[in-house]
Amino acid sequence: MIITIENLVKSYEDVVALKGVSFQVEKGEIFGLLGPNGAGKTTLMEIICGLRRFDEGKVTILDMDIEKEADKVKGLIGFCPQETLLYRYLSVRENLVFAASLYSLSSKETKERIRFLAKFLGLEEFLDKRVEKLSGGMKRRASLAASLMHDPEIVILDEPTVGFDPNVKREFWELIKQLHSEGKTILLSTHNMEEADALCDRVAIMDLGKIVALDKPETLKKRYGSGAVIHVKVKGSHVEKAAKLLRRWKPKLEDGELKIFVKDPWKLMPELSSTLFGKGILAEKIEVTEPTLEDVFLNLTGKRLVEGEAV
Ligand SMILES: Nc1ncnc2c1ncn2[C@@H]1O[C@H](COP(=O)(O)OP(=O)(O)OP(=O)(O)O)[C@@H](O)[C@H]1O
Ligand SMILES: [Mg+2]
């Protein structure tokens with residue numbers, strides 16, 4: 001295990017932000033913390049990065065206690081915070097040189113790393129621009145570059161794509177996947193369930209300072225989701241006949257279509273369509289909607305997990 005967290009407790013003056021959080025991150029995985037505002041994601045990440053103290057519990061990185069071996073641990077982690085920490089009046093290159101100095105990189109290493117990361121993150125044209133002149137997406141790339149200067153084994157990304165439009169978001173996902181394919185271990189936080197689903201090998205669902213469920217996205221959806229639905233639309237005059245033919249799957253007629261609630265829709269599909277087709281009924285539409293991590297969150301907490309806020 002590359003990160004082990006045991007029973008972590010952290011209070012601010014009047015809020016208990018972490019109420020006994022335990023989990024482990026395996027080397028080379030993308031591990032997601034999914035939860036609404038105030039769940040405790042940033043607090044947890046800042047503790048792992050050694051930026052914040054905690055009240056109780058234990059955090060080890062590669063079996064090293066983060067408090068006792070803070071210096072060794074620091075070099076293993078690259079942190080890309082929720083609010084970018086770049087100097088806005090400096091250029092991207094100057095910021096990267098500064099980041100390198102924090103890890104005592106030689107000037108040769110610094111130059112090589114800047115060249116490599118600028119290419120990797122598509123920042124080549126922006127290296128000599130002041131940070132304040134960059135778009136939000138480019139700022140995030142520059143911030144990621146700063147956190148990768150010392151080539152850390154673990155990359156911690158606090159809400160890496162919040163506020164991005166869908167295209168920029170997807171581009172950023174590709175970068176994260178590429179880091180992953182190079183063998184980095186990635187811990188990221190998000191309140192975007194689509195992001196957690198698309199990127200993460202495992203997801204810890206957090207709410208109010210606790211982990212309420214932890215598993216692979218597929219397993220979470222199977223276990224806590226509301227099941228899948230097969231939507232079958234046939235010509236109006238054929239609805240009753242179709243409903244009869246499909247009765248063993250207990251279809252419900254809603255909004256002019258038959259809905260079949262099942263656990264494993266894809267297994268059922270061939271039999272279902274041949275049952276209709278065999279009796280000469282042509283379906284205008286057969287569609288499957290599967291449960292999402294949104295359903296999982298709703299079922300576990302009774303609340304909705306909406307991009308940016310829980311309502
Ligand atoms: N510096 C602080 N002082 C006092 N309370 C704090 C501080 N930082 C966070 N909190 C509180 O701790 C709780 C957890 O906050 P945290 O920022 O860790 O949540 P989060 O999951 O990162 O939320 P978000 O999705 O909004 O970033 C919240 O109730 C927050 O108000
Ligand atoms: Mg946060």
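Located above this text is the structure these notes cover.
Residues numbered from 1 in each chain as written. Chains lettered and ligands numbered in written order. Predicted model: local features only at pLDDT ≥ 70, side-chain atom pairs only at ≥ 80, totals over all residues. Heavy atoms only, no water.

**Remarks on the environment of I2**
Inclusion rule: A run of DSSP states H or I qualifies as a helix once it reaches four residues; a run of E qualifies as a strand once it reaches two. Both are numbered from the N-terminal end. With a 1.4 Å probe rolled over the protein chains alone, any residue whose accessible area is under 20% of its type maximum counts as buried; one over 50% counts as exposed, and the rest are partly exposed. When checking whether two residues touch, look at their non-hydrogen atoms; a contact exists if any pair is within 4.5 Å.
Along the polypeptide, I2 turns up in the segment before strand 1 (3-11). Under the relative-accessibility criterion, I2 is labelled buried at 0%. In this structure, the C-alpha to C-alpha distance between I2 and E195, residues 193 residues apart in sequence, is 23 Å. Beyond its immediate chain neighbours, meaning those up to four positions away, I2 contacts V25, E26, K27, T60, I61, L62, E153, I154 and T185.

**Describing the environment of Q178**
Position of Q178 relative to the elements: it lies in helix 6 (residues 166-181). Using a relative accessible area of 39% as the deciding quantity, one classes Q178 as partly exposed.

**With respect to the nonpolar core**
What counts here: To form a nonpolar core, buried Ala, Val, Leu, Ile, Met, Phe, Trp, Tyr and Cys residues must be joined to one another through side-chain atoms within 4.5 Å.
Counting 46 residues, the largest nonpolar core has L96, L144, L157, I176, I186 and L188 as the members making the most contacts within it. The residues contacting L188, other than those within four sequence positions of it, are I30, F31, G32, L33, M45, L157, I176, E195, L199 and C200. Of all hydrophobic cores here, the second largest spans 30 residues; its members include F23, F31, M64 and A204.

**Digging into the layout of surface pockets**
Empty space among the atoms becomes apparent when a probe as large as a water molecule is rolled across them. How we decide: Here a cavity denotes a set of grid points, spaced 1 Å apart and computed over the protein atoms alone, in which a 1.4 Å probe fits but from which it cannot get out, and a pocket denotes an open set meeting protein on both sides within 12 Å along at least five of seven lines; residues with an atom within 4 Å of a point are reported as lining. Grid points are joined across faces, edges and corners, and a volume is the space filled by probe spheres set on the points. Three residue categories are used. Nonpolar comprises Ala, Val, Leu, Ile, Met, Phe, Trp, Tyr, Cys and Pro, charged comprises Asp, Glu, Lys and Arg, and polar comprises the others, including Gly.
Reported here for the largest pocket is a volume of approximately 740 Å³. Lining of the largest pocket is provided by 29 residues; of these, L51, F79, L85, L102 and Y103 occupy positions nearest its centre. Elements that contribute at least two residues to the lining of the largest pocket include exactly helix 1 (41-48), helix 2 (70-74), strand 6 (77-80), helix 3 (92-102) and helix 5 (136-148). In terms of residue count, helix 3 provides more of the lining of the largest pocket than any other element does, 4 residues in total. Of the residues in the lining of the largest pocket, the class split is 19 nonpolar, 6 polar and 4 charged. There is about 230 Å³ of room inside the second largest pocket. Along the walls of the second largest pocket sit E218, K221, K222, G225, G227, A228, K263, D264, P265, W266, E290 and P291, which together make up its complete lining. Of all the elements in the fold, those that place two or more residues in the lining of the second largest pocket are helix 8 (217-224) and helix 10 (265-278). A total of 3 residues in the lining of the second largest pocket trace back to one element, the largest contributor, which is helix 8. Its residues assigned to classes, the lining of the second largest pocket comprises 4 nonpolar, 2 polar and 6 charged.

**Thoughts on the site of ligand 1**
Put simply, the test is: A cutoff of 4 Å decides nearness: a residue is near a molecule or strand if any of its heavy atoms lies inside that distance of it. Counted as a polar contact is a pair of N or O atoms within 3.5 Å, where, for protein atoms, one must be capable of donating a hydrogen and the other of accepting one, and residues adjacent in sequence contribute only when both atoms are in side chains. The accessible surface values rely on the Shrake-Rupley method and a 1.4 Å probe; as for residues, cover is taken only from the protein chains in view.
Near ligand 1 there are 14 residues, and of these N37, G38, K41, T42 and T43 occur at the shortest range. A distance of 2.8 Å separates an oxygen atom of ligand 1 from a polar atom in the backbone of G38. The contact in question runs from an oxygen atom of ligand 1 to an N or O atom on the side chain of Q82, over 2.9 Å. Protein contact buries 66% of the 630 Å² of open area that ligand 1 shows by itself. At 3 residues, helix 1 tops the list of elements feeding residues into the shell around ligand 1. A per-class count over the shell around ligand 1 returns 5 nonpolar, 7 polar and 2 charged.

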